[in-house]
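Reading the structure
In case you want the letters, here they are:
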Amino acid sequence: MGGPVSEVSVYRQDCSMEELSLYDPAMLLSLDFFRSPANFSPRISAAVPGESWLKVRPLQSGDFHRGFLQILSQLTKVGDVSLTQFLNRFAQMRASGDYYVTVIVDTRYDKIIGSATLVLERKFIHGCATRGRLEDVVVDDTYRGKQLGKLIVVTVSLLAEQLGCYKMSLDCKDKLIPFYKSIGYTLEPGNANTMNIRYEGPTARSIDRNTAGSKPENTEPS
């Protein structure tokens, strides 16, 4: 599999070629939705999403033009991402084999209406096991009532199990805890908070030397 530059070059040289998928679409057809505690009414799955015009599939190289970044912007700030940037990042993710961005498409309009990402974290612990992380879950608000939020989360959760992950982790707002509990996720006692350090740009890297040299509080875990 080639690197980012070569894949983008091939894409540009032959725009009529079949689009690349981020991962093998056949993986979604083999998921057993009866393994999930989620309650679907009526029963739906990644293979049969409930409406003939809905399709669940991996992210594709042509999804820049199907509103993929626009659906992400309903979740958080995306920024001004060009087609070249999108294709380069797509190729990097595809080459790594650790990213499983899965989307829901309204085929009537050839439009992305939902997305969720499974990221694989390869560990040394647990016998060099792999942990899954659920990221960037979003479904267009205008498609409420079709169980699509539940569908996309269960899909990538089952995908993590199929890929051999020993657990799947996520961070969510308090108001979403009941939703994730309803599909099998649990809070870990003593580990319910999320902490981050953010880097806003070059100016954020300039640290006052006096502050950097001061003795920190003893807040490290033992």
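Residues numbered from 1 in each chain as written. Predicted model: local features only at pLDDT ≥ 70, side-chain atom pairs only at ≥ 80, totals over all residues. Heavy atoms only, no water.

Re the confidence of the model for the protein chain
Parts of the model with low pLDDT should not have their predicted coordinates read in detail. Note the cut-off: You can read pLDDT as the predictor saying how much it trusts each residue, on a scale of 0 to 100. Here, residues are in contact when the closest pair of their heavy atoms is within 4.5 Å.
Residues at a pLDDT of 70 or more form 82% of the protein chain, whose mean pLDDT is 86. Low pLDDT (under 50) marks residues 4-16, which in the prediction has 17 contacts with non-local residues, meaning those over four places away or in another chain. This model gives residues 203-222 a pLDDT under 50, and the stretch forms one contact once residues within four places in sequence are excluded.

Considering the pattern of salt bridges
The line we're drawing: In what follows, salt bridge is the name for a side-chain nitrogen of Lys or Arg lying within 4 Å of a carboxyl oxygen of Asp or Glu. Runs of E in the DSSP output that reach at least two residues are strands. Runs of H or I that reach at least four are helices, and both are numbered from the N terminus. With a 1.4 Å probe rolled over the protein chains alone, any residue whose accessible area is under 20% of its type maximum counts as buried; one over 50% counts as exposed, and the rest are partly exposed.
Tallying each qualifying case throughout the model produces 15 salt bridges. Salt-bridge contacts for Arg35 lead to Glu161; the nearest nitrogen and oxygen are separated by 2.6 Å. Of this pair, Arg35 sits in the loop between helix 2 (26-29) and strand 1 (54-58) while Glu161 is found in helix 6 (residues 148-162), placing the two residues 126 residues apart along the sequence. We note a salt bridge from Glu121 to Arg133, for which the minimum N-O separation is 3.8 Å. With Glu121 in strand 3 (residues 111-122) and Arg133 in strand 4 (residues 130-139), the pair connects residues that are 12 residues apart, well separated along the chain. Judged by relative accessible area, which is 23%, Glu121 ranks as partly exposed.

Re the pairing of strand 2 (residues 99-106)
As a reminder of what qualifies: The rule for pairing is simple: two strands pair if DSSP sees at least two bridges between them.
Of all eight residues that make up strand 2, seven are buried, and the element is covered over most of its length. Examined bridge by bridge, strand 1 and strand 2 share five bridges and lie antiparallel to one another. Paired with Arg57 across the bridge in strand 2 is Val103. Two successive antiparallel strands, strand 2 and strand 3, enclose a turn made up of four residues, where Asp110 displays a positive phi of approximately 50°.

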